[in-house]
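The residues making up each chain are set out below.
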Amino acid sequence: MKSEKHILEHFAREEREFVEKVMDMCQQVEDTYSLRLTTFLNPRQDAIVHIIANHYQLEVFSSREYVQTEYSRLILAPSYYLLDSNDFNLMALEIDYSRKFHSLSHSQVLGTFLHQLGIRREYLGDITVTDEQLLVFIDKKFGELALQSISKIARVPVKMLEQDWKSISIKAKEESIMKEVLVSSLRLDKLVAVAFRLSRTTVDRLIEAGHVKLDYVQVEQGSKQVEVGQLISLRKHGRVLVKEFLGFSKQGKVKLKLEMINI
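Remember, it's a predicted structure, so these values are computed and weren't measured experimentally.

A. Summary view of the sheet that holds strand β1 (residues 36-37). Taking strand neighbours across the sheet as the criterion, the three strands line up as β1-β3-β2 in an open arrangement whose pairing is antiparallel. Of all strands in the sheet, those with a lone pairing partner are β1 and β2 (59-62), marking the two edges. Here two bridges tie β1 to strand β3 (residues 74-77), and the two strands are oriented antiparallel to one another. Counterpart to Leu37 in the pairing with β3 is Ile75.

B. Region of interest: unusual backbone geometry. Here the phi dihedral of Gln57 falls at roughly 60°; this positive angle occurs in a residue that is not glycine. One can find Gln57 in the loop between α3 (43-55) and β2. Its identity as a non-glycine residue notwithstanding, Arg155 has a phi of 70°, on the positive side. Here Arg155 is to be found in the loop between β7 (152-153) and β8 (156-157). Take Arg155: its relative accessible area is 78%, and that puts it in the exposed class.

C. Main features of the pattern of salt bridges. Considering all chains together, one arrives at 13 salt bridges under this definition. Here Asp189 ties to Arg200 by a salt bridge, and the two come within 3.1 Å at their closest N and O atoms. Here the residue Asp189 occupies a position in helix α6 (residues 188-196), and Arg200 occupies one in helix α7 (residues 200-208), the gap between them amounting to 11 residues. On the basis of relative accessible area, Asp189 is assigned to the buried category, the value being 2%. Note on Arg200: relative accessible area 35%, which makes it partly exposed. Taken together, the salt bridges that share partners define one network made up of Lys140, Glu144 and Glu162.

D. Structural view of the environment of Gly229. By secondary structure assignment, the location of Gly229 is in the loop between β12 (217-218) and β13 (231-234). Setting aside chain neighbours within four positions, we find Gly229 in contact with Leu241 and Val242.

E. The layout of surface pockets, seen in detail. Of the voids in this model, the second largest pocket is the one considered here, and its volume is about 230 Å³. Of the residues assigned to the lining of the second largest pocket, the class counts are five nonpolar, three polar and six charged.

F. Inspection of helix α4 (residues 106-117) at higher detail. Over its 12 residues, α4 extends 16 Å from the first C-alpha to the last, a length consistent with the 16 Å expected when each residue adds 1.5 Å. Of the residues flanking the end of α4, it is Gly118, one or two places downstream, whose phi is positive at about 65°.

G. Layout of the UniProt feature "domain: RNA-binding S4" (unreviewed entry) in the protein chain. Per the UniProt entry, the sites bearing "domain: RNA-binding S4" (unreviewed entry) are residues 186-247 in this numbering. Secondary structure content for residues 186-247 is 29% helix and 31% strand, and the end C-alpha separation is 13 Å.

H. Highlighting the packing of α4 against helix α5 (residues 140-149). Where α4 meets α5, the axes come as close as 11 Å, and the angle between the chain directions of the two elements is 95°. It follows that α4 is roughly perpendicular to α5 by the angle criterion. Contacts from Phe113, Gln116 and Leu117 of α4 reach α5 at Phe142, Leu145, Ala146 and Ser149. Here the residues of the contact of α4 with α5 sort into five nonpolar, two polar and no charged.

I. Focus on the sheet that holds strand β6 (residues 134-139). Pairing within the open sheet is antiparallel, and its four strands lie in the order β5-β6-β4-β9. Looking at the sheet topology across the chains shown, the edges are occupied by β5 (124-129) and β9 (159-163). Pairwise comparison of adjacent strand axes, ignoring direction, gives a mean angle of 25° for this sheet. Bridge analysis of β5 against β6 gives four bridges, and the strand direction is antiparallel. Paired with Ile127 across the strands is Val136, a residue of β6. Packed onto the sheet, α4 meets β4 (90-96), β5, β6 and β9 and runs at close to 145° relative to β5.

Cut-offs applied
- Residues numbered from 1 in each chain as written.
- Predicted model: local features only at pLDDT ≥ 70, side-chain atom pairs only at ≥ 80, totals over all residues.
- Heavy atoms only, no water.
- Pairing = 2+ DSSP bridges.
- Helix = DSSP H or I, 4+ residues; strand = E, 2+ residues; numbered from the N terminus.
- Buried < 20%, exposed > 50% of the residue type's maximum accessible area, 1.4 Å probe, protein only.
- Salt bridge = Lys/Arg side-chain N within 4 Å of Asp/Glu carboxyl O.
- Contact = heavy atoms within 4.5 Å.
- 1 Å grid on protein atoms, 1.4 Å probe; cavity = no way out; pocket = protein on both sides within 12 Å on 5 of 7 lines; lining within 4 Å.
- Points joined across faces, edges and corners; volume = space filled by probe spheres on them.
- Nonpolar A, V, L, I, M, F, W, Y, C, P; charged D, E, K, R; others polar.
- Expected span 1.5 Å × (residues − 1).
- UniProt positions renumbered as here; feature names shortened; annotations may be inferred.
- Axes fitted to C-alpha atoms, helices over the stretch in contact; angles between N-to-C directions.
- Parallel < 35°, antiparallel > 145°, perpendicular 65-115°, else oblique.

The following block contains the structure:
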């Protein structure tokens, strides 16, 4: 019997609901000697699953081992399981439309899939939008439904074709710039204000409204301390990765290198 308390104490309070869910899946694998498949997970959740699966001495496989998407599906399995990529139940759909007359955004594609298929966000993976290609990674069952039922996105006629998800090469879709800043502390609200050039009043309002995430987890306390390597997301503004601690200024402020990512 694994010590649940011992495992939980290694994770932030905001992550514990997800941690408990993963622990339950691991226990099911042990009890039934059969695999369990996650929904699409962000990189932090992916890392958590690997940590917990290792504690339970289970095998864990990520779809990211085949294709470098941001969101991944993971298989938890007994030690004797031999990986079959079909067990990821994953599908990639290429969406074709007249780019000469129309353009489609990430939010338009996401909204159409969620509302028309009636599914939760966790059954959709990456939606990659470039000048040449629009791809959607999705749970296979819902992907087959999308092929049959979605013919328009934001009034734009579209055609969808299933692609071999394992052989897809993801093209960079984000542009980033490096930025050095000075902050009085590593509080989340101060970092957001400096990184996105917003007033503290505006930042407080955005945090209270649930628009700020730290490592993909919504944060409601502006006083939360941020560490090097963590990712801050601000809805409709972009994301910032705290890349490096550069020391202190003569006035005692913290020098940081940030990677500003526009999405």
